[in-house]
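Structural description and commentary
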Amino acid sequence: MWRNSLKLLVNSIKTQEKYVPPLALQGFSKHIHRSSPLAMFVQTQETPNPNSLKFLPGVKVLESGQTMDFPTGQSAFCSPLGKLLFRIEGVKGVFLGPDFITVTKSDDDVEWKLIKPEIFATIMDFFASGLPVLQEGVPNSDTQVNEDDSEIVQMIKELLDTRIRPTVQEDGGDLLFMGYDDGVVKLKMQGSCSSCPSSIVTLKNGVQNMLQFYIPEVVAVEQVDEPSDKEPVVRVKPPN
């Protein structure tokens, strides 16, 4: 009888002992924000541009179909999140998507392992604060079909939105339609694509080939640098 009582007492004491995680797991959660009951886990995804990294916070960043490009710190004046990320030394550009944030570092000398922890902390603290991602911003209507658009331009915009942009966004970037003239489609690369070494190859072998396959009138695709990189550009997918 006493042996059974002793066994129960020992088991009771064991269940009250404080759990100490293994050394391999200690410090594992140092980048998890604990100010709210729900912890946020920010994942990362590599892009074709070695200087750009895609961060997925697991929550909505912008509305579906929207993107916003901040190529400079000055252009992020309308985004509290963008301004905080630009305060991190080594951050050159910020691009916001519906459910991701692409951060571009200044050059190869800036190591991701040194700035990633601060980017993680900034993203998690921001979403825990409840502040809006954007305080202001004028939506860009580059892919919205207008009454005066020709049939070719309408087809180009439709292909960009349904076939091309989703693929480019998977790589942490986007394409901005800038115009169509004499068979030449003018596009602006954004996010990770803007400074990617393979951006020209993407335009010629990917975008141009697809547009020419569906629209024979398209002769070429060119990359342009307008509008001014000082102004933020918001991409809004037209309503169905």
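These figures come from a predicted structure and were not determined experimentally.

A word on the pairing of strand β8 (residues 184-191)
Counting buried positions along β8 yields seven of eight residues, so the element is predominantly enclosed. Sheet topology note: the strand β7 (residues 173-181)/β8 ladder contains eight bridges and is antiparallel. In the sheet register, G173 faces β8, and the bridge partner there is G191.

Quick word on the pairing of strand β5 (residues 101-105)
Of all the five residues making up β5, five are buried; the element is thus mostly covered by neighbouring parts of the structure. In this sheet, β5 lies alongside strand β4 (residues 91-96) in antiparallel orientation, the contact comprising five bridges. Counterpart to L96 in the pairing with β5 is I101. Linking two consecutive strands that pair antiparallel, namely β4 and β5, is a turn of four residues.

Let's talk about helix α3 (residues 112-129)
With 18 residues, α3 extends 25 Å from end C-alpha to end C-alpha; this agrees with the ideal 26 Å at 1.5 Å per step. When we look at burial in α3, the residues that qualify are W112, I115, I119, F120, T122, I123, M124 and F126. Immediately beyond the C-terminal end of α3, within one or two residues, lies G130, with a positive phi of roughly 80°.

Examining the sheet that holds β7
Across the sheet, three strands lie side by side as β7-β8-β9; this open sheet has mixed pairing. This sheet does not close on itself; its edge strands, each paired only once, are β7 and β9 (220-223). Averaged over neighbouring strand pairs, the angle between their axes works out to 30° when direction is ignored. By the bridge criterion, four bridges tie β8 to β9 in an arrangement that is parallel. Across the sheet, residue L187 finds its bridge partner in β9, namely Q223. Sheet contacts for helix α4 (residues 151-170): β7 and β8; angle to β7, the most-contacted strand, approximately 165°.

Structural notes on the packing of aromatic side chains
Describing an aromatic ring pair means giving the distance of the ring centres and the angle of the ring planes. Scanning all chains against the criterion turns up four aromatic pairs. Considering the side-chain rings of F126 and F127, the 5.4 Å spacing of their centres and the 80° angle between planes classify their relative orientation as edge-to-face. Taking the relative accessible area as the measure of exposure, F126 reaches 1% and is therefore buried. With a centroid separation of 5.0 Å and 85° between ring planes, the pair formed by F213 and Y214 is classed as edge-to-face. Positioned above the aromatic ring of F100, the side-chain terminus of K54 is 4.5 Å from the ring centre.

So, the nonpolar core
Of all hydrophobic cores here, the largest spans 28 residues; its most connected members are F55, L85, L96, I101 and I119. Taken together, the elements giving at least two residues each to this core come down to β2 (52-56), β3 (67-70), α2 (80-86), β4, β5 and α3. The element best represented in this core is α3, accounting for seven residues. Beyond its immediate sequence surroundings of up to four residues, L96 is in contact with V61, L62, Q66, T67, M68, F70, S79, L81, I101, V133 and L134.

Conventions used here
- Residues numbered from 1 in each chain as written.
- Predicted model: local features only at pLDDT ≥ 70, side-chain atom pairs only at ≥ 80, totals over all residues.
- Heavy atoms only, no water.
- Buried < 20%, exposed > 50% of the residue type's maximum accessible area, 1.4 Å probe, protein only.
- Helix = DSSP H or I, 4+ residues; strand = E, 2+ residues; numbered from the N terminus.
- Pairing = 2+ DSSP bridges.
- Expected span 1.5 Å × (residues − 1).
- Axes fitted to C-alpha atoms, helices over the stretch in contact; angles between N-to-C directions.
- Contact = heavy atoms within 4.5 Å.
- Phe/Tyr/Trp six-rings, centres within 6.5 Å; stacked < 30°, edge-to-face > 60°.
- Lys NZ or Arg CZ within 6 Å of the ring centre and 35° of its normal.
- Core = buried A, V, L, I, M, F, W, Y, C linked by side-chain atoms within 4.5 Å.

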